[in-house]
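Chain and residue survey
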Amino acid sequence: VQLQASGGGLVQAGGSLRLSCAASGRPLGTYTTAWFRQTPGKEREFVAAIRWTDASTYYASSVKGRFTISRERAENTVYLQMNSLKPEDAAVYYCAAGPNLIVSSIGSAKNYGYWGQGTLVTVSS
């Protein structure tokens, strides 16, 4: 599976962005896909995930209610709609794909075998 992330950019605090992660190589129908983010000197942080089998979604507490993860089967693409952005949301955002994970494993980057290249989100205050 190859993942191509896009949609990052510069936005003012309170604004919105939508990230996309297009997959190629095989359908994501049995995968879990997720977004992680990373800032310099810090570990990669879980943001949100969706299981393609049943569209169950999971969010980090820091983004719940502001971010929405979704998937489009026909396009083999996962999206992250980010609203009410805060300066602390600024990071490089990575999409990832892994097997159909159990809930307790979804938030750990080590469980995802496929990664996109990252897209930079900058939030100005």
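Residues numbered from 1 in each chain as written. Predicted model: local features only at pLDDT ≥ 70, side-chain atom pairs only at ≥ 80, totals over all residues. Heavy atoms only, no water.

1. As for the packing of aromatic side chains
- A full pass over the atoms with the stated rule returns five aromatic pairs.
- With 5.4 Å between their ring centres and 75° between their planes, F36 and Y112 make a pair best called edge-to-face. A residue pair is termed long-range when its members are at least 10 positions apart, and F36 in strand 4 (residues 31-38) and Y112 in the loop between strand 9 (91-99) and strand 10 (114-115) qualify at 76 residues.
- Take F36: its relative accessible area is 0%, and that puts it in the buried class.
- Following the ring pairs from residue to residue traces out a cluster consisting of F36, F46, Y112 and W115.
- Over the aromatic face of W52 sits the side chain of R71, whose NZ or CZ is 5.8 Å from the ring centroid. (Phe/Tyr/Trp six-rings, centres within 6.5 Å; stacked < 30°, edge-to-face > 60°. Helix = DSSP H or I, 4+ residues; strand = E, 2+ residues; numbered from the N terminus. Buried < 20%, exposed > 50% of the residue type's maximum accessible area, 1.4 Å probe, protein only. Lys NZ or Arg CZ within 6 Å of the ring centre and 35° of its normal.)

2. Some words on the state of the cysteines
- Applying the stated criterion to the full structure yields one disulfide.
- Between the sulfur atoms of C21 and its disulfide partner C95 the distance amounts to 2.1 Å. Around the S-S axis, the bridge from C21 to C95 shows a dihedral of about 65° and counts as right-handed. Of this pair, C21 sits in strand 3 (residues 17-24) while C95 sits in strand 9; the two residues are 74 residues apart in sequence, bridging distant segments of the chain.
- Overall, C95 belongs to the buried group, its relative accessible area being 0%. (Disulfide = S-S within 2.5 Å.)

3. Structural notes on the environment of A74
- When you line up the elements, A74 lands in the loop between strand 7 (67-72) and strand 8 (77-82).
- A74 gets classed as exposed once you look at its relative accessible area, which sits at 74%.
- It is 25 Å that separates the C-alpha atoms of A74 and S16, two residues lying 58 residues apart in sequence.

4. Examining the side chain of T33
- Positionally, T33 belongs in strand 4.
- Sequence-distant contacts of T33, that is, excluding residues within four places in its chain, are made with L28, A48, A49, I50, W52, I69, V78, A96 and A97. (Contact = heavy atoms within 4.5 Å.)

5. Notes on the nonpolar core
- If you look at the biggest cluster of nonpolar residues, it comprises 38 residues, and the most contacted ones within it are W35, L80, M82 and Y93.
- Among the secondary structure elements, those contributing two or more residues to this core are strand 1 (2-6), strand 3, strand 4, strand 5 (45-51), strand 7, strand 8, strand 9 and strand 11 (119-124).
- When sequence neighbours within four positions are dropped, the list of residues in contact with L80 reads L17, R18, L19, W35, V47, A48, F67, T68, I69 and Y93. (Core = buried A, V, L, I, M, F, W, Y, C linked by side-chain atoms within 4.5 Å.)

6. A word on the environment of L19
- Among the structural elements, L19 can be located in strand 3.
- Taking the relative accessible area as the measure of exposure, L19 reaches 0% and is therefore buried.
- It is 17 Å that separates the C-alpha atoms of L19 and T39, two residues lying 20 residues apart in sequence.
- Once you skip the residues sitting within four places of it in the chain, L19 turns out to touch S6, G7, G8, W35, V78, Y79, L80, M82, Y93, T119 and V121.

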